[in-house]
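Fold and contact review
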Amino acid sequence: MAYRYPDTSVLYRKLDRPFPKVVRGEGSRLFDESGKDYLDGSGGAYVANLGHGVTEIVDHVAEQIRKVAYVNGMAFTNDAVEDLAAELKSLSVGDLDKFYFLTSGSDAVEAALKLARQYWVETGKPGKHKIIALSPGYHGNTMLALSASARQHYKVMFKEWLIPVVQVPAPYAYRCDCAGAPACPRCTGQLVEAAILAEGPETVAAFIGETVGGSSTGASVPRAEYWRAIRDACSKHGVLWIADEVLCGAGRTGTWTAVEQYGVVPDLMTMGKGISGGYAALSAVVASERILDPIARSSGSVIHAQTFTHTPMMCAAGLAAVRYIKKHDLIARSRTMGVRLHQLLDPIRRHPLVGDVRGRGLLAGIEFVADRDTKQPYPRKAKIAERVTDAALDAGLIVWPNVGQADGTVGDLVCLAPPFVVTEAEMDEMIARFHRALDVVFQSLS
Ligand code: PLP
């Protein structure tokens, strides 16, 4: 039987193709019902950081559900949420030590942007409402998060429903024409301050950016000075800096937060994906008393009420995942296996499809170009990212594609983000399967 629209009662995410049915996961591998194995080279959508089938996490969640699965965050607290917040505090940066738990990255971004707005209204500056974000950049698919995202193909159909967000070119060295010039305003972060000044600081509520690029810029790593410049500009002009670490946080780039490698502290942070390793849907907004105290003294509540905030079941999954990471020293492993990943990917730079390889820790982006000298992307209709992803799946490797990063329409890349528990042999095999997929696609072009 083929699992595809309209043959079953599932409304699938794609209506034009069949889906293999996964029946089991173990470590870095998934198995479908035919017994075929897939190396999970991207942890799904950058989620399965701890690998699949970790019994002690499952047992911990089951134990919590047996005691109590759900209580409403409006009326009660519970052990799982208290313990998870305490664990996360021990890993957090600066004064960011208050955690509001939700179920998706989009939710967390919506809540963080609304919290920034709430802060300004409740501190007597209601004129501060504008949002500045980076392009390319992605923050989620609900309407405010989508407004802040620079992904045209997701936005175009809904443009009448989206709010205007000021977009500033993201730090994306491969596609910046500065050729590495030390004073490049884009690569040093100066463009963000220029945008704040152009809009009028008295109108700007928040700046949001992915600390290390995710899918949108294919793991582009901003320069060492970038986030210091953002910190300084936001502090100077009274703008709240929201670090979106939904994808790059939770150990993915070799430290718990990506921002700690830059030595600065944002005003708000969002986390998601890997914080529960996929054992439950979980995300978080991270704030400090500096931001929350004025709200506590004024309206007295975070105006982002949802049924599943702070619930025991999802927090138990997060708690077990964070404890597992600590117990097995998996952040250090993300760092060391990350070095190996980038070493193994180095020869792939010479593949005729590939223009650039970059990233940090266990996050890597591979960008495809038709002409390496001019960096000319393939035409969109060639669907290179999709074809590489399909060829990789045929070869038994899961990668994550993205398109449109070159100019909003064209541009193809895929990202690799293996579970932190990936073994050396599995990683070798991932790269071999990836190479095979690239060869298949390249041969199909000639
Ligand atoms: N922020 C970033 C940086 C992301 O990469 C994503 C999802 O890919 C989101 C937010 C939205 O997260 P979710 O898909 O869980 O809503």
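To keep things clear, this report deals only with the structure shown in the data block. Bear in mind that the values here come from a model prediction, so they are computed numbers and not experimental data.

**Considerations on the nonpolar core**
Within the largest apolar cluster, 97 residues are counted, with the highest numbers of intra-cluster contacts made by Phe101, Phe207, Trp256, Leu345, Ile366, Phe368 and Phe434. When near neighbours in sequence (up to four residues on either side) are disregarded, leucine 345 contacts Val357, Ala364, Ile366, Leu416, Ile431 and Phe434. Of all hydrophobic cores here, the second largest spans 27 residues; its members include Ala111, Ala205, Leu240 and Ile242.

**Considerations on the sheet that holds strand S1 (residues 22–26)**
The strand order S1-S2-S3 describes an open sheet built from 3 strands, whose pairing is antiparallel. The sheet terminates laterally at S1 and strand S3 (37–39), the two strands that pair on one side only. Strand-to-strand twist of the sheet, defined as the mean angle between neighbouring strand axes without regard to direction, takes the value 25°. With 4 bridges connecting them, S1 and strand S2 (residues 29–32) associate as antiparallel partners. Counted as the bridge partner of glutamate 26 is arginine 29 from S2. Here helix H14 (residues 424–445) sits on the sheet and contacts S2 and S3; the angle it forms with S3, its principal contact strand, is near 95°.

**Re the packing of aromatic side chains**
The full count for this structure, using the stated rule, is 10 aromatic pairs. Between tryptophan 227 and tryptophan 241, the aromatic rings sit 5.3 Å apart at their centres with planes inclined by 0°, giving stacked as the arrangement. Of this pair, tryptophan 227 sits in helix H9 (residues 226–237) while tryptophan 241 sits in strand S8 (residues 240–245); the two residues are 14 residues apart in sequence, bridging distant segments of the chain. On the basis of relative accessibility, which here comes to 0%, the residue tryptophan 227 falls in the buried class. Joined through ring pairs, the aromatic side chains of Phe207, Tyr226, Trp227 and Trp241 make up one cluster. Positioned above the aromatic ring of phenylalanine 31, the side-chain terminus of arginine 24 is 4.2 Å from the ring centre. Above the face of the tyrosine 174 ring, lysine 375 is positioned so that its terminal group lies 4.5 Å from the ring centre.

**Side note on the site of the ligand**
Taken together, Ser104, Gly105, Ser106, Tyr138, His139, Gly140, Glu210, Asp244, Val246, Leu247 and Lys273 make up the full set of residues near the ligand. Contact distances for the ligand include 2.8 Å between an oxygen atom and a backbone N or O atom of glycine 105. Within the side chain of aspartate 244, an N or O atom sits 2.7 Å from a nitrogen atom of the ligand. In isolation the ligand has 390 Å² of accessible area, and contact with the protein removes 81% of it. Within the shell around the ligand, the residues separate by chemical class into 3 nonpolar, 5 polar and 3 charged.

The rules behind the values
- Residues numbered from 1 in each chain as written.
- Predicted model: local features only at pLDDT ≥ 70, side-chain atom pairs only at ≥ 80, totals over all residues.
- Heavy atoms only, no water.
- Core = buried A, V, L, I, M, F, W, Y, C linked by side-chain atoms within 4.5 Å.
- Buried < 20%, exposed > 50% of the residue type's maximum accessible area, 1.4 Å probe, protein only.
- Contact = heavy atoms within 4.5 Å.
- Pairing = 2+ DSSP bridges.
- Helix = DSSP H or I, 4+ residues; strand = E, 2+ residues; numbered from the N terminus.
- Axes fitted to C-alpha atoms, helices over the stretch in contact; angles between N-to-C directions.
- Phe/Tyr/Trp six-rings, centres within 6.5 Å; stacked < 30°, edge-to-face > 60°.
- Lys NZ or Arg CZ within 6 Å of the ring centre and 35° of its normal.
- Near = heavy atom within 4 Å.
- Polar contact = N/O pair within 3.5 Å; in protein donor to acceptor, adjacent residues only side chain to side chain.
- Areas by Shrake-Rupley, 256 points an atom, 1.4 Å probe, with all protein chains shown as cover.
- Nonpolar A, V, L, I, M, F, W, Y, C, P; charged D, E, K, R; others polar.

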